[in-house]
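Spelled out from the first residue to the last, the chains are:
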Protein chains: 2
Amino acid sequence: MEFKLKHKDGMARVCEITTAHSTFLTPVFMPVGTVGAVKSLDANDMKNELDAKIILANTYHMYLRPTSKVVKDFGGLHGFTKFDRSFLTDSGGFQAFSLSKNSKHFNEGIEFKSHIDGSHHLFTPKSVLDTQYDFNSDIMMILDDLVALPATKERVKISVDRTILWAKEAITYHKSMQNKGIGIGQNIFGIIQGGTDYEERKRCALSLNEMPFDGLAIGGLSVGEENALMYETVQNLNPYLDENRPRYLMGVGTPEDLVENVERGVDMFDCVMPTRNARNGTFFTSFGKFNIKKAEFINDHEAIDPACSCYTCRNFSRGYLNHLFKAKELTFFRLASLHNLHYYLELARKMREAILNNSFTQFKRNFYHLRGK
Amino acid sequence: MEFKLKHKDGMARVCEITTAHSTFLTPVFMPVGTVGAVKSLDANDMKNELDAKIILANTYHMYLRPTSKVVKDFGGLHGFTKFDRSFLTDSGGFQAFSLSKNSKHFNEGIEFKSHIDGSHHLFTPKSVLDTQYDFNSDIMMILDDLVALPATKERVKISVDRTILWAKEAITYHKSMQNKGIGIGQNIFGIIQGGTDYEERKRCALSLNEMPFDGLAIGGLSVGEENALMYETVQNLNPYLDENRPRYLMGVGTPEDLVENVERGVDMFDCVMPTRNARNGTFFTSFGKFNIKKAEFINDHEAIDPACSCYTCRNFSRGYLNHLFKAKELTFFRLASLHNLHYYLELARKMREAILNNSFTQFKRNFYHLRGK
């Protein structure tokens, strides 16, 4: 991975990242393609309609089905899905923890039962990398030890101990594999845990920052804690993160979360919010969000957001979308997902522009002003 | 409507039809856009990916929601859906009969309860035209009196009596409305009923053929009767149908049904089969149909039909589609619908080509040969 820190405006950064499959500027939002497709969309939608440079796929899902062996046989995620730009894959640990029944965390890894057929599986720091080598993802995430918040100080300490232990195992294994010619074009990110405990976060960050990861992620946030606590945790980590590596805040968040965390030095984001909300009829716009099912939209000839240039806003009215949503028509999901993802990708683009112009503070003020805040 | 009978090969015909919104050649297949969208697709998919010249929308559904008043307010179906080529709308009678609880057929019309909210409604020969004027559909269908097959000779006779009565009411009303400047650019088709009873079909056809309809449809077939009986019924009607008007076989059918009925002089078809089967994972191909969920496709790098030039076959493998289908991923439905509709539209195009080349018999032999028949 080539990484260039191009510009800073306060703590907000514009960086340029080049992987084996694409070059992109940060702040970047990565749409979530759980099973190898962003829900309701395909590779050409992502490239031609949205111009997404990098998307995320979930290791847990793809490992269970179609299996990493099948994905490898198709030339990795790029060959399988035909999205030929960058892929980031998570470790699978989060889904093993949240989707499967009776997952157990040991010092060796995470044991879980498949949500598809109930079969037993074990994710270890090495096994999740082997899976991601098969995927040929551009950015691989290490296995980390998640805790549900709120958690006891004791449990958070165990989580950080294990996460550091697993991080060492992962980076050592990855370097040895690269020496054998495997995963040469792939990058690996460490993940900082520690809940909202300042000392534990700091300990984890300092430790992982010493390891030769290509980037560092902040995990275990946006799990129900107060927004202010999330922002504070990110801000407090800033001094302990190498400035010359990308910083990725996992699973975050609302448009407001993106703006607040970019201001605190985060470069990369992913979240199911734009696509999940699309499927529930909620649209993100420059003036806030609204649900299309309301009766006031039945006769509305306007686009979702008259200021938006997305495929859906260029072509269809709120009235038609209100109708499709109420009729539970499949067409709706693609049109709504295209709009919401366009909103998120445009938000990231506007933030990059503002940072490069040293006007991020003004951008943020205007962002809230348009929302009536 | 401008109608030109361009060429005949046996009873098979190529005709050119020009409506206020598009010109198309027959035999033509009309994708079904029940609620104003072909399921999982939008207006640009229909135009740019499939080049469909005419699609069908269901009056029953659009009348109940968003209501004809809303559709009219958006400039009819074309303005509402943004598909600016031709629309054919049915009368709503078939859905009132099949979808609603306790529908009742009187001499005045069909009374039914909405499947959405249980409200009571009455469709009459005039009211269904008023609704279709609001839709501004290019081809309107008259209300007819359907019977479930098998039916008693007595019930079939009542059906034909009513259908003739309603046809007279409809054509008289339409001409009077056109004299008032309403529905000027719209066309109206009569519908021939009579089950599989030769004498009743003939009586209905002779009667409707005398009325100044822009085209004639054959209704009440493909409702469970033997294929051979359907083909025979269509063939027997041929001598009683004006050669200089389009002939539309409603709700039909399989690829084989299209070929057999084109051979018997039918020009227009509509059916939910390509889109409904797509959603069940069944693909139509030049070598027959198959279901993508079978395990043999997990590692299959081929396109659905290597001979197919559709969007899906140009871009994605059977292996990826197998995976998306098993994961119940929304993306699948659009890709599968695009392929199956492309198959149907291509089948119609190839039949037109064969008829123009006087090689329909050879085309039909080859069509079955590729299917191993």
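Residues numbered from 1 in each chain as written. Chains lettered and ligands numbered in written order. Predicted model: local features only at pLDDT ≥ 70, side-chain atom pairs only at ≥ 80, totals over all residues. Heavy atoms only, no water.

The next thing to look at is the interface of chain B and chain A. In this assembly, 41 residues from chain B lie in contact with 41 residues from chain A. Summed over both partners, the interface of chain B with chain A comes to about 3400 Å²; 56% of that surface belongs to carbon and sulfur atoms. Considering only the surface of chain B that becomes buried against chain A, Tyr-320, His-323 and Leu-330 of chain B emerge as the three largest contributors, covering 17% of it. Linking chain B to chain A there are five salt bridges. Salt-bridge contacts for Arg-334 of chain A lead to Asp-42 of chain B; the nearest nitrogen and oxygen are separated by 3.8 Å. At the level of elements, α1 (43-49), α3 (68-73), α4 (76-81), α12 (311-315), α13 (318-326) and α14 (331-356) of chain B are the ones that each hand at least two residues to the side of chain B that touches chain A. Tallying contributions element by element places α13 of chain B first for the side of chain B that touches chain A, with five residues. When grouped by side-chain class, the residues that make up the side of chain B that touches chain A number 19 nonpolar, eleven polar and eleven charged. (Contact = heavy atoms within 4.5 Å. Buried area = accessible area lost by both parts, 1.4 Å probe. Salt bridge = Lys/Arg side-chain N within 4 Å of Asp/Glu carboxyl O. Helix = DSSP H or I, 4+ residues; strand = E, 2+ residues; numbered from the N terminus. Nonpolar A, V, L, I, M, F, W, Y, C, P; charged D, E, K, R; others polar.)

All right, on to the environment of Asn-340 of chain B then. Residues and elements named next belong to chain B. Tracing the backbone shows Asn-340 in helix α14. Look at Asn-340 and you get buried, because its relative accessible area is 0%. Each C-alpha atom, one on Asn-340 and one on Pro-274, is 5.1 Å from the other, the two residues being 66 residues apart in sequence. Not counting residues within four places of it along the chain, the set of residues in contact with Asn-340 comprises Pro-274, Asn-277, Ala-278, Thr-282, Phe-283 and Phe-284. Engagement of the side chain of Asn-340 in a polar contact is seen with the backbone oxygen of Pro-274, the distance being 3.0 Å. (Buried < 20%, exposed > 50% of the residue type's maximum accessible area, 1.4 Å probe, protein only. Polar contact = N/O pair within 3.5 Å; in protein donor to acceptor, adjacent residues only side chain to side chain.)

Looking now at the packing of helix α8 (residues 198-209) of chain B against helix α9 (residues 227-237) of chain B. Residues and elements named next belong to chain B. Where α8 meets α9, the closest approach of the two axes is 10 Å, and the angle between their N-to-C directions is 40°. Judged by the angle between their axes, α8 and α9 are oblique. Crossing hand, α8 versus α9: right-handed. Residues Tyr-198, Arg-201, Lys-202 and Ala-205 of α8 touch α9, and the partners they reach there are Thr-233, Asn-236 and Leu-237. Here the contact of α8 with α9 is built from residues that sort into three nonpolar, two polar and two charged. (Axes fitted to C-alpha atoms, helices over the stretch in contact; angles between N-to-C directions. Parallel < 35°, antiparallel > 145°, perpendicular 65-115°, else oblique. Left-handed = near helix turned anticlockwise from the far one by under 90°.)

With that out of the way, let us pick up the pairing of strand β16 (residues 288-291) of chain B. Residue and element names in this part refer to chain B. Strand direction decides the pairing type here: strand β15 (residues 282-285) and β16, joined by four bridges, are antiparallel. Paired with Thr-282 across the two strands is Asn-291, which belongs to β16. In sequence, β15 turns back onto β16 through a hairpin of two residues. (Pairing = 2+ DSSP bridges.)

Moving on to the UniProt feature "active site" in chain A. Residue and element names in this part refer to chain A. Sequence positions flagged by UniProt for "active site" are, in local numbering, Asp-90 and Asp-270. For the residues just named, distributed over 181 residues, the greatest C-alpha separation is only 10.7 Å, placing them together at one site. Along the polypeptide, Asp-90 turns up in the loop between β6 (86-89) and α5 (93-98). Filtering out sequence-adjacent residues up to four positions away, Asp-90 remains in contact with Ala-57, Asn-58, Thr-59, Tyr-60, Gln-95, Gln-132 and Met-141. In this structure the side chain of Asp-90 is engaged in a polar contact, spanning 2.6 Å, whose partner is the side chain of Asn-58. Structurally, Asp-270 can be placed in strand β14 (residues 268-270). Apart from residues lying up to four places away in sequence, Asp-270 is in contact with Phe-29, Met-30, Val-32, Leu-56, Tyr-248, Leu-249, Met-250, Gly-251, Val-252 and Gly-253. Looking at Asp-270, its side chain comes within polar contact range of the main-chain nitrogen of Gly-251, at 2.8 Å. (UniProt positions renumbered as here; feature names shortened; annotations may be inferred.)

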